[in-house]
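So you can see what is in the structure, the chains are spelled out below.
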Amino acid sequence: MIVCTVLLLAAAPSYAIGSVNVSDAWIRAMPEGIPSGGYFNLHNDTGRDMVLTGARAPDCESLMLHKSETTGGMSTMHHVNEVDVPAGGGVTFAPGGYHLMCMGAGPAIKPGAKVPVTLLFKDGSKIVAAFSVRDAAGK
């Protein structure tokens, strides 16, 4: 089992376990009571398929994997149990697609802050990345 904790350094652009990298990680600060979305890029250079199964953050009461989709002009959002991250490939968590849903955001989730998020994989490995907190407009 690979377990790596990365120091939360403001200058560090990406975080990695072995050859799985997290970059462009950010979370949207929303008014109290409104869920916050988390976004990032995940790239897998391990040579084997990986499966993201969850996430946790001390500043969220719960943090879930979600996916937004538009079909026939109707937008929906639903919980997903896992996200495949193919060997040599990647997955983008972005508005309108896969994202993390932070319910019960704590006071640390305010624009300009950085918050730690742990990504959990099916094989038991974990990666901790600092997510920059942006305002409701994503800036």
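Heads up: the structure comes first, above all this text.
A few points on the structure.

Rules behind the numbers
- Residues numbered from 1 in each chain as written.
- Predicted model: local features only at pLDDT ≥ 70, side-chain atom pairs only at ≥ 80, totals over all residues.
- Heavy atoms only, no water.
- Phe/Tyr/Trp six-rings, centres within 6.5 Å; stacked < 30°, edge-to-face > 60°.
- Helix = DSSP H or I, 4+ residues; strand = E, 2+ residues; numbered from the N terminus.
- Buried < 20%, exposed > 50% of the residue type's maximum accessible area, 1.4 Å probe, protein only.

Description of the packing of aromatic side chains
Inference 1: In this structure the tally under the stated criterion is 4 aromatic pairs.
Inference 2: Considering the side-chain rings of Phe40 and Phe93, the 4.3 Å spacing of their centres and the 15° angle between planes classify their relative orientation as stacked. Here Phe40, found in strand β4 (residues 36–44), pairs with Phe93, found in strand β9 (residues 90–93); they are 53 residues apart in sequence, far enough to count as distant. Here Phe40 matches Phe93 in class, with each residue buried.
Inference 3: A ring pair is formed by Phe40 and Phe131, whose centres lie 5.7 Å apart and whose planes are at 65°; its orientation type is edge-to-face. You can see Phe40 sitting in strand β4 and its partner Phe131 sitting in strand β12 (residues 126–134), a full 91 residues away along the chain.
Inference 4: The exposure class assigned to Phe131 is buried, which follows from its relative accessible area of 0%.
Inference 5: Cluster of aromatic residues (ring-pair linked, three or more members): Phe40, Phe93, Tyr98 and Phe131.

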